[in-house]
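# Inside the fold
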Amino acid sequence: MQKSIGDKNSQKQLNGSFFKSWIMTYKHIKSLDTTTDFIIPCGKDHLKTIADFIPIKTPDFDGSFGSYQLIYGTHGNRIYLLGIGEEKEAPKMEEAFRKLCFETQKHWDKTIQVYAEDLLDDDIKKAVVGMEMAQYVIGEFKSKKDKLKNVNVAFVSSKAIKKTLSEGKCTGETINRIKALVDAPPNVKTPEFLGNWASKSAKKHDYKCTVLKQKQLEKQGFKAVLSVGRASVNPPVVIINEYKGKTTKSVDIALVGKGVTFDSGGLSIKPSTNLHYMKSDMGGAAVVLGIVELIAKLKLKINVVGIVASAENAVGSDSYRPGDVIGSYSGKTIEIIDTDAEGRLCLADGISYAIKTFKPEYLIDLATLTGSVVRTLGYAAAGMFTKDQDMANAMSNLGNQVHERVWELPLYEDFESDLHSDVADIRNFSGLPIAGAINAAKFLEAFTENHEKWLHLDIAGVSFGSSSYAKMKSATGFGIQLMLRFIQEKASN
Ligand code: BES
Ligand code: ZN
Ligand code: ZN
């Protein structure tokens, strides 16, 4: 008998590896074999390289970003001219490689070469990330799967690029793994499933993972996460991943992620249009889980903790209600105005726990927190909130470098009174149809104990969206490259 998706066994089966894609092996070679297939990346108006390989003086290919042209070589080989556009487009380099790879790899032989002599280290890394991203399989739950294939990708360069290739591959793999989580159906990726994913990853990549389940959460007082999750048959969990890359004890960076595996809105129920997309409400958690795995794979010299507060915001006879006053890990009481403002409740407990337990130097949370940030910044950037201008500037610059952009929004004191409650210490929503993303950030701030290096990223608009790789909206992987850069910078200091 076929197992139904979502039963305990099929969840177990899906744990960890999750999806199978083509296996790409990235190698470094010193010289190009012009008799077999190769890709020549060409910048716009920098088409001289083409003449080194093909006897044409004025090519009709202009190198604009993401365009490509196939030429058949005299040895029956394929030569792809790949447009990488202008210098300002370099941050999204992976997109050009991903598109070429996605659309043409079915025709490739066992080996393809990439002429990388004119590419910077960062460009090569992004090229590998893009080629790896092209292997992402969105149809994980289709009955018929495509055949798997092994491809060798040989980067041609006179420089030493082995480490760059390996970092690109690990980054691309992590992006695919977190996309698989975000795209997974909510009947499969329950909070417990996320916990199992983390445990398995921790064992494989040698970091510590603790999954706090219902009883422990009750014992330790995670009252806000428990309130959000209490109407669901899938109980909440809090996942604590600890990676130690240094011998010192202190935690350099704590990351906290919103892991709402499905957000129905609760009793303040959401409209049904596009409700299925609320499976992506754990995009922040996915980044946190993925980044700890990635830095463990890369063995970065830094101590990082990743905390995921995960629950399903369901409707049931035991739902928490608008009007309820609930507790929280911090001890603060919260008046619930809207049960759809659940992410901030999960994060509040995650943030309090991070501060109390680890006293991190930097504290960053990532969450698909508000519709308001989507209305403000669309799909172009995440909303960023912090009082540390150095951190804001660093994050903003890094975001531009990897095309995972962030845009700062204010934490003005003016917004504090909006969260006043007559009956509790704070309320979870102002009740006003204005400044929703700022309101949510101000709520979180109340649980940060004035941590000086706290930064909040509202990724609701950028974590999940339209692309040319799927007909419906799907996960983007936003946040992995940005967080990796941030952590790498701190690790090298
Ligand atoms: N998960 C949503 C935010 C969201 C919206 C994520 C669109 C991705 C795409 C969040 O929990 C939510 O429902 N927020 C409400 C808060 C409001 C009720 C105070 C919102 O922003 O509308
Ligand atoms: Zn909600
Ligand atoms: Zn939500």
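Residues numbered from 1 in each chain as written. Chains lettered and ligands numbered in written order. Predicted model: local features only at pLDDT ≥ 70, side-chain atom pairs only at ≥ 80, totals over all residues. Heavy atoms only, no water.

### Things to note about the sheet that holds strand S9 (residues 253–263)
The mixed open sheet is built from 8 strands, whose spatial order is S7-S8-S10-S9-S13-S17-S14-S15. Both edges of this open sheet fall to strand S7 (208–212) and strand S15 (406–408), since each of them pairs with a single strand only. For this sheet, the mean inter-axis angle between neighbouring strands, taken without regard to orientation, is 20°. Of the strand pairs in this sheet, S7 and strand S8 (residues 237–244) are connected by 5 bridges, and their pairing is antiparallel. (Pairing = 2+ DSSP bridges. Helix = DSSP H or I, 4+ residues; strand = E, 2+ residues; numbered from the N terminus. Axes fitted to C-alpha atoms, helices over the stretch in contact; angles between N-to-C directions.)

### Side note on the coordination of the zinc ion (ligand 3)
Binding of the zinc ion (ligand 3) to the protein goes through Lys258 (NZ), Asp263 (OD), Asp281 (OD) and Glu342 (OE), at separations of 1.9 to 2.4 Å. For the zinc ion (ligand 3), the 6 donor atoms in the first shell make angles of 77 to 173° at the metal, a pattern classed as octahedral. Donor residues for the zinc ion (ligand 3), ordered by position in the chain, follow K-x4-D-x17-D-x60-E. The distance between the zinc ion (ligand 3) and the zinc ion (ligand 2) is 3.2 Å, with Asp263 acting as a donor to both metals. With Asp263 in strand S9 and Asp281 in the loop between S9 and helix H9 (283–298), this pair connects stretches of sequence that are 18 residues apart. Residue classification places Asp263 among the buried positions, given a relative accessible area of 3%. (Donors = N, O, S within 2.8 Å, 3.2 Å for Na, K, Ca; no water. Tetrahedral: all angles 85-135°; square planar, octahedral: opposite > 155°, others 65-115°. Buried < 20%, exposed > 50% of the residue type's maximum accessible area, 1.4 Å probe, protein only.)

### Some thoughts on the packing of H9 against helix H14 (residues 480–492)
Between H9 and H14, the shortest axis-to-axis distance is 10 Å and the interhelical angle comes to 50°. In terms of axis orientation, H9 runs oblique to H14. Crossing handedness for the pair H9 and H14: right-handed. Contacts between H9 and H14 involve Val287, Gly290, Ile291, Leu294, Ile295 and Leu298 on the former and, on the latter, Ile480, Met483, Leu484 and Ile487. Looking at the contact of H9 with H14 residue by residue, the classes come out as 9 nonpolar, 1 polar and no charged. (Parallel < 35°, antiparallel > 145°, perpendicular 65-115°, else oblique. Left-handed = near helix turned anticlockwise from the far one by under 90°. Contact = heavy atoms within 4.5 Å. Nonpolar A, V, L, I, M, F, W, Y, C, P; charged D, E, K, R; others polar.)

### As for the site of ligand 1
Looking at ligand 1, there are 17 residues lining it, with Lys270, Asp281, Asp340, Glu342 and Gly371 nearest. Take Lys258: an N or O atom from its side chain is 3.2 Å from an oxygen atom of ligand 1. One of the side-chain N or O atoms of Asp340 is found 2.7 Å from an oxygen atom in ligand 1. Across the complex, the protein chains shield 80% of the 520 Å² of accessible surface that ligand 1 would expose by itself. When contributions to the shell around ligand 1 are tallied by element, the ones reaching two or more residues are S9 and helix H11 (371–377). (Near = heavy atom within 4 Å. Polar contact = N/O pair within 3.5 Å; in protein donor to acceptor, adjacent residues only side chain to side chain. Areas by Shrake-Rupley, 256 points an atom, 1.4 Å probe, with all protein chains shown as cover.)

### With respect to the domain arrangement of the protein
Note: interface size is frequently given as the accessible area lost on complex formation between the parts. Segmentation of the protein into domains returns domain 1 (20–161) and domain 2 (189–492). Of note, the centres of domain 1 and domain 2, computed from C-alpha atoms alone, are 36 Å apart. With 12 residues of domain 1 at the interface, the matching set in domain 2 holds 10 residues. If you sort the residues of domain 1 by the area they bury against domain 2, Pro91, Phe102 and Ile138 come out on top, with a joint share of 36%. In this structure, the connection of domain 1 to domain 2 is made through 1 salt bridge. Note that Asp122 is salt-bridged to Arg485, the shortest N-O span being 3.3 Å. The interface formed by domain 1 and domain 2 includes 5 residue pairs in polar contact (both at pLDDT 80 or more). When residues of the side of domain 1 that touches domain 2 are traced back to their parent elements, those giving at least two are helix H3 (93–104) and helix H4 (121–133). Sorting elements by how many residues they give to the side of domain 1 that touches domain 2 places H3 first, with 5 residues. Of the residues assigned to the side of domain 1 that touches domain 2, the class counts are 5 nonpolar, no polar and 7 charged. (Domains from an automatic or database assignment. Buried area = accessible area lost by both parts, 1.4 Å probe. Salt bridge = Lys/Arg side-chain N within 4 Å of Asp/Glu carboxyl O.)

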